[in-house]
Amino acid sequence: MIDGLPYRQVGMDTIRPGGLICVADHASNFVPTDIDLGIDRKLLNDHIAVDIGVGGIADRLARRHNIPAHIATVSRLVCDFHRKEDEPAVVPTESDGHLIPGNIGADVEKRLDLYHRPYHTALASFIADARPKMIIALHSFTPSMASKDEERPWEVALLYNEDDTAARHAIRLFGEQGLTVGDNEPYSGKQLNATMDRHAEANGIPYCTVEIRQDQIDTPAGQARWAVMLADVLGRVALEV
């Protein structure tokens, strides 16, 4: 955390109405020292704790491509910003077959007050100030789950709930890059779209929730490549919505 805040904002000096902004709910694996999750610390580098590669891409989008970013600075295992306040998974007690014993019986209301509410209040202000043409919600997914036997062939995927306008353009344009593109895969935005439901769909703002497979972006070179591609493809999507 920076200055005790559960988020950081990068590229604020490049905000311009009608531009793009980026949101990264799962960009950090940081756990405050007063919270003991009761797990092997190696798991903090696993997908259950952080969307691998996302923080590096969000920073690059902000610093090199003039797409300001609102980036989480607390692990999703402490408080999941991409869940509604009343969802049990907002403070998860298990993830991909791993028990999170330190969260069993946790003071959920305290976690919401310290992390979830400040994160979303600041995000709402960020969006109001930016008046964006489109929001990029950036996530990544693991190539394989420990608890499920399923194929995940997509290099990138677009998720959406009710508003699929921008996603449709993005699916087409990423496909033209020669990529295998998921359509509401490997997760469905019909069930998992809390941040964009609240800040985009509720306000009539077009958005692209982008899921990138983690083996594509687990190195700085991969993150740089995808930042360039995202800026290009999603910049073109914004012209269509």
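This structure is a prediction, so every number in the text was calculated from the model and none was measured.

A. Structural detail: the overall build of the protein chain. A tally of helices and strands in the protein chain yields five helices and nine strands. The linear arrangement of helices and strands in the protein chain, starting from the amino end, is β-β-α-β-β-β-α-β-β-α-β-α-β-α. Against the globule reference of 18 Å for 241 residues, the protein chain gives a C-alpha radius of gyration of 17 Å, in line with a compact fold. For the protein chain, contacts bridging at least 24 residues in sequence account for 81% of all contacts bridging at least 6. Carbon and sulfur atoms form 47% of the exposed surface of the protein chain, whose accessible area is close to 10,500 Å². Between the centroid of the 24 positive side chains of the protein chain and the centroid of its 36 negative side chains there is a distance of 5 Å.

B. Focus on helix H1 (residues 54-64). With nine of 11 residues buried, H1 is to be regarded as a mostly interior element. Residues of H1 that are buried make contact with strand S1 (7-10), strand S2 (20-24), strand S3 (69-72), strand S6 (134-141), strand S9 (207-213) and helix H5 (220-240).

C. Spatial organisation of the pairing of S9. For S9, a buried count of seven out of seven residues is recorded, marking the element as mostly surrounded by other parts of the structure. Sheet topology places S6 next to S9; seven bridges connect them, and they run parallel. Within S9, the position partnered with Ile 135 by the bridge is Tyr 207. The pairing of strand S7 (residues 156-159) with S9 spans four bridges and is antiparallel. Of the residues in S9, the one forming a bridge with Ala 157 is Glu 211.

D. Here's a closer look at the environment of Asp 13. Position of Asp 13 among the secondary structure elements: in the loop between S1 and S2. Between the alpha carbons of Asp 13 and Pro 68 there is a distance of 8.2 Å; along the sequence they are 55 residues apart.

E. Looking closely at the nonpolar core. Phe 174, Val 210, Trp 226, Leu 230 and Leu 234 are the most contacted members of the largest nonpolar core, which totals 74 residues. Every residue in contact with Leu 230, bar those within four places of it in the chain, is listed here: Ile 57, Leu 61, Leu 138, Phe 174, Val 210, Ile 212 and Gly 235.

F. A look at the sheet that holds S9. Strand order across the open sheet formed by seven strands is S1-S3-S2-S6-S9-S7-S8, with mixed pairing between neighbours. The open sheet is flanked by S1 and strand S8 (181-183), the only strands paired with a single partner. Pairwise comparison of adjacent strand axes, ignoring direction, gives a mean angle of 20° for this sheet. In the sheet, S2 pairs with S3 via three bridges, with the strands oriented parallel. Residue Cys 22 lies in a different strand from S3, and its bridge partner there is Ala 69. Where H5 meets the sheet, it contacts S2, S6, S7 and S9, and its direction lies at approximately 155° from that of S9.

G. How the structure looks around the packing of helix H3 (residues 165-175) against H5. At a closest axis distance of 9 Å, the pairing of H3 and H5 adopts a crossing angle of 130°. Compared by their axis directions, H3 and H5 come out oblique. The crossing of H3 and H5 is right-handed. Contact with H3, carried on its side by Ala 166, His 169, Ala 170, Leu 173 and Phe 174, involves Trp 226, Met 229, Leu 230, Val 233, Leu 234, Arg 236, Val 237 and Glu 240 of H5 and no other residues of that element. Tallied by class, residues from the contact of H3 with H5 come to 10 nonpolar, one polar and two charged.

About the thresholds
Residues numbered from 1 in each chain as written. Predicted model: local features only at pLDDT ≥ 70, side-chain atom pairs only at ≥ 80, totals over all residues. Heavy atoms only, no water. Helix = DSSP H or I, 4+ residues; strand = E, 2+ residues; numbered from the N terminus. Rg over C-alpha atoms; globule rule 2.2 N^0.38 Å. Contact = heavy atoms within 4.5 Å. Areas by Shrake-Rupley, 256 points an atom, 1.4 Å probe, with all protein chains shown as cover. Lys, Arg positive; Asp, Glu negative; His and termini not counted. Charge placed at Lys NZ, Arg CZ, Asp CG, Glu CD. Buried < 20%, exposed > 50% of the residue type's maximum accessible area, 1.4 Å probe, protein only. Pairing = 2+ DSSP bridges. Core = buried A, V, L, I, M, F, W, Y, C linked by side-chain atoms within 4.5 Å. Axes fitted to C-alpha atoms, helices over the stretch in contact; angles between N-to-C directions. Parallel < 35°, antiparallel > 145°, perpendicular 65-115°, else oblique. Left-handed = near helix turned anticlockwise from the far one by under 90°. Nonpolar A, V, L, I, M, F, W, Y, C, P; charged D, E, K, R; others polar.

Any functional reading would require information beyond the geometric quantities listed.
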